[in-house]
Amino acid sequence: MTKKMPTLKELQDKILTYEPDADVSLLRKAYYFSHEAHCSQKRIEGSPYIGHPLAVASILADMHMDYKAIIAGLLHDTVEDTATLIDDIRGIFGNEVAFLVEGLTKLSRMEPKSYKETQAENFRKMFLAMAEDIRVIIIKFADRLHNMNTLEYLPPAKQRRIAAETLDIYAPLANRLGIGWLKSSFEDLSFKFLMPEVYRDTVSKVAKKKEELEEYMNSVSDIIKKEINKEGIEAEVSWRVKHYYGIYQKMVSQRILFDQIHDVLGIRIITDTKSSCYATLGIIHSIWTPIPGQFKDYIAMPKSNLYQSLHTTVIGPGGLRVEFQVRTREMHLIAEEGIASHWVYKEKGKVNERDAKYITWLREMVKSQKDQRDAKEFLEEVKGEVTPEVVYVITPKGEIQELPAGSTPVDFAYAIHTEVGHHCVGAKANGRIVPLRYHLQNGDTIDIITSKTHGPSKDWLKFVVTQRARNRIKQWIKKEERKQGVILGTRLLETELKRHNIPLSHLKSKKLKTIIESFSIKSPEDLYVSIGFGKISPHQVANRLLPPKEKGIEDEIALHTKNIKEQKEYKGINIKGIDNILYNIGKCCYPVPGDELTGFVTRGKGVTIHRKDCPNLQRVALDDARIVSVEWEPDDNETTPAKLLVETVDRPGILANLSALISAEEINISHLEANSYSDRNAHLTFILQVRDTKQLSSIIQKIAASGGVLMVKR
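Think of each chain on its own: its residues are numbered from 1, step by step along the sequence as written. Residues qualify for local features only when their pLDDT is at least 70, as the model is predicted, and side-chain atom pairs are given and counted only at 80 or more; totals for whole chains, interfaces and linings, by contrast, use all residues. As a convention, hydrogens and water are excluded, and side-chain values are obtained from all of the structure's heavy atoms.

1. Brief notes about the overall build of the protein
Let me state the cut-off plainly: Going along the chain from the N terminus, every DSSP run of H or I of four or more residues is numbered as a helix, and every run of E of two or more is numbered as a strand. The classification of residues rests on relative accessible area computed with a 1.4 Å probe and restricted to protein chains. Under 20% of the type maximum is buried, over 50% is exposed, and intermediate values are partly exposed. Any two residues whose heavy atoms approach within 4.5 Å at even a single point are treated as in contact. For the accessible areas, the method is Shrake-Rupley and the probe is 1.4 Å, while residue cover comes only from the protein chains on display.
Along its length, the protein carries 27 helices and 20 strands. Residues counted as buried form 47% of the 714 residues belonging to the protein. For the protein, the proportion of contacts with a sequence separation of at least 24, taken over those separated by at least 6, is 65%. For the protein, the accessible area works out to roughly 36,000 Å², and carbon and sulfur atoms hold 50% of it.

Here is the structure:
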């Protein structure tokens, strides 16, 4: 059931409880302005549109945001969805509110672009504004949270797209900014719409577990509270249930069933001082045996989002495992609210020094984004920066550098400076030589060895973790390969011209410009690159430079390609700008209708069609000159092969059950492989004939929800 819409008076009263000097007259003006602007609009379920901005403002008030941020929340859709101009907002509500609203307003679509390209541009615009004023993203969080809470009214395809975006970008970003409750909410809501059957199953099992262990957890809580009080320590003891997506993630990452998870429930102890935290930990370990390797001290070494707490797991009464978290009240506030926990605004939305630690990474990235022309690559770099697990390493000067877990010396080198990365030839960790593939460990002192004559290797792309390193390596390789393409293309064309006794001076004639235009390229250099990489034959160029009576090569090529279309492996694919060319479907990723496609021009084998997110494509497609745009041509009568990898518990009947499930969906299994392993797990490989991604997603969800299935992926 949809939550009751808050009223203006309720919003006003809520704000005055923590900001008594708020300009409520301006707040009311913003409400009536928004109400008037959206007066003819309704939400998809039929309610007045004003309910959405009012709900967003209420969420912001719950987070104790300042009244100007809440005014921006009330107005956040006016410029995008109504006839209101940003100058109207500026004139009535001032520059500060106008800046926040403009940062939240999506770009106008001036030219046709894919949804992902448009969204990437919108995210880049928002992140640039966010680097100046973090309230931009907090308002966007509130907007997204209300939209996720009303997502059931949208069509299923749109539900999945918005949920996937929330899980992919908003949840990690909320985590990076330390807003723990919001991260959990985003993850659970996304989980609910992306894998509804698995979600319902998890909710049901957690509820049952909670009911079974409620008396046990109350008993353990009472024991530890009594012992803490004996030592004169003031503390609040409570137990809680882990959020659903966190439980699901643990099942997938550790390849275990729900019944094998021992910390679905955990006890949290909140004390008054840091020393009380460590004293409480000592009491816990004196009562019950700690499990080796399960203690983490995030107080001495906080996470990148400033999260601090002591974590330990012990063998509790009756031999059951119990997880404890111990922290101070301030640490708890920061763990739950993050950057919103102690928001202190000065003029122009500046933040205090402590708050600035949350977004130093973003501001540094925005500084370097001038080198990043592609909005999609910039967005990927942001995703790389919001990774939840990090390692802390030390530079030779004693400075601490934070990097994603799994980073290598090459990632470290590029984090220091692009040129250090480009010229990296080796590294030392704590004074000893380590391989460039070495995974950095907390506390390592890293020294990079460089050589001015050395450049990046394509092999580095196989092990670097940070998007910054990956982008810089790709840029360097593209530049170098382009140079090689120019050299090779020039040589091939000159050889062909000599073979036909065509003077090389023709390469500088006006006729060459006409030839370049006929190939829809921009410059002679682009022509040489295209020849060097096999996109254009030197015969085609020479043929255009020959006198009319000597032509014949181009006719021969046309004859050769005349019937190539009939050789196509699949129907329903259109390669933009290229007709009659041989292509084949990548067996590494098995794209199906609904997937975004990219074509890669191979040498001598035409175009290979990949999914845009295919890892193999990322490894080979380092030169834009060999990339072509591809799209599906709808054909409801056709099916396409899709490959699924399924990991299950190895038990009798499971293969038969899955085969029956697939057949019940009227999906044909064209190929099947099954292997069992010593760990009592089985790996199944299905090649299914499906109509599109919608049908494929549906069968993946149903397989994932089947008993004994540990993992399903394409």
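From this point on, the discussion continues.
2. Examining the environment of Leu333
Along the polypeptide, Leu333 turns up in helix α15 (residues 329–337). When residues no more than four places from it in sequence are discounted, the contact partners of Leu333 are Gly338 and Ser341.

3. Here's the deal with the side chain of Asp595
Inclusion rule: Definition of a polar contact: a pair of N or O atoms within 3.5 Å, with one able to donate and the other able to accept a hydrogen when the atoms are protein atoms, and with sequence-neighbouring residues admitted only if both atoms are side-chain atoms.
Structurally, Asp595 can be placed in the loop between β13 (583–585) and β14 (597–601). Here Asp595 falls in the buried class, since its relative accessible area comes to 12%. At a separation of 2.8 Å, a polar atom in the side chain of Asp595 contacts the side chain of Arg714. Apart from the residues within four sequence positions on either side, Asp595 is in contact with Tyr590, Arg611, Trp632, Thr693 and Arg714.

4. Section: the packing of aromatic side chains
What counts here: Side-chain rings of Phe, Tyr and Trp, where Trp is taken by its six-membered ring, are said to pair if the distance between their centres is within 6.5 Å; with planes under 30 degrees apart they count as stacked, over 60 as edge-to-face, and otherwise as tilted.
One pass over the full model with this rule turns up twelve aromatic pairs. Measuring from ring centre to ring centre gives 6.4 Å for Phe141 and Tyr170, while their planes differ by 70°; the resulting arrangement is edge-to-face. Here Phe141 is found in helix α9 (residues 135–149), whereas its partner Tyr170 is found in helix α10 (residues 156–176), with 29 residues between them in sequence. Per residue, the accessibility class of Phe141 equals that of Tyr170, and both read buried. Ring geometry for Tyr199 and Tyr244: centres 5.8 Å apart, planes at 85°, overall edge-to-face. You can see Tyr199 sitting in helix α12 (residues 196–230) and its partner Tyr244 sitting in helix α13 (residues 244–254), a full 45 residues away along the chain. The partly exposed category is assigned to Tyr244, whose relative accessible area is 24%. Connected via pairs of aromatic rings, a cluster forms that spans Phe191, Tyr199, Tyr244, Tyr245 and Tyr248.

5. Overview of a negative patch on the surface
Put simply, the rule reads: Residues qualify for a patch when their relative accessible area is over 30% and they have no salt bridge, like charges being joined within 9 Å and the nonpolar side chains of Val, Leu, Ile, Met, Phe, Trp and Tyr within 5 Å. Only one rule defines a salt bridge in this text: a Lys or Arg side-chain nitrogen within 4 Å of an Asp or Glu carboxyl oxygen. Counted charges follow a simple rule, with Lys and Arg positive, Asp and Glu negative, and His plus the chain ends left uncounted. Where a charge lies is defined by one atom per residue type, namely NZ (Lys), CZ (Arg), CG (Asp) and CD (Glu).
A contiguous patch of negative charge on the surface is contributed by Glu211, Glu212, Glu214, Glu215 and Asp259. Within the secondary structure, Asp259 sits in the loop between α13 and β2 (265–271).

6. Focus: the pattern of salt bridges
By the definition in use, this model includes 24 salt bridges. Here Glu96 ties to Lys68 by a salt bridge, and the two come within 3.4 Å at their closest N and O atoms. Of this pair, Glu96 sits in helix α7 (residues 95–104) while Lys68 sits in helix α4 (residues 67–75); the two residues are 28 residues apart in sequence, bridging distant segments of the chain. Put simply, Arg144 and Glu165 hold a salt bridge, and the shortest N to O gap is 2.7 Å. Placement of Arg144 in helix α9 and of Glu165 in helix α10 is noted, with a sequence separation of 21 residues between them. By relative accessible area, Arg144 is classed as buried at 8%.

7. Some remarks on the sheet that holds strand β16 (residues 627–632)
For clarity, the threshold we go by: A pair of strands counts as paired when DSSP detects no fewer than two bridges linking them. Axis angles are defined between N-to-C directions and span 0 to 180 degrees, where every axis is a line fitted to C-alpha atoms and, for a helix, only to the segment in contact.
On the basis of which strands lie adjacent, the open sheet formed by five strands has the order β12-β16-β14-β15-β13 and mixed pairing. Looking at strand neighbours, the two that pair on one side only are β12 (573–575) and β13, the edges of this open sheet. Adjacent strand axes in the sheet meet at a mean angle of 35°, parallel and antiparallel pairs treated alike.

8. With respect to the nonpolar core
We count it as follows: What makes a nonpolar core is a set of buried Ala, Val, Leu, Ile, Met, Phe, Trp, Tyr and Cys residues whose side-chain atoms join them at distances within 4.5 Å.
In terms of nonpolar packing, the biggest core is built from 69 residues, with Leu11, Ile71, Ile137 and Phe141 touching the most fellow members. Contacts of Leu11, omitting those with residues within four sequence positions, involve Leu27, Leu54, Ala57, Ser58, Ala61, Ile70 and Leu74. With 31 residues, the next largest nonpolar core counts Ile228, Trp239, Phe258 and Val322 among its residues.

9. A word on the state of the cysteines
To be explicit about the condition: Any two cysteine sulfur atoms within 2.5 Å of one another count as a disulfide.
All chains considered together, the criterion is met by zero disulfides. We note that Cys589 lacks a disulfide partner, and the nearest cysteine sulfur, in Cys614, lies 3.8 Å from it. Residue class for Cys589 comes out buried when judged on its relative accessible area of 8%. Cys588 supplies the cysteine sulfur nearest to Cys614, a cysteine that is in no disulfide, at a spacing of 3.5 Å. Since its relative accessible area comes to 1%, Cys614 is described here as buried.

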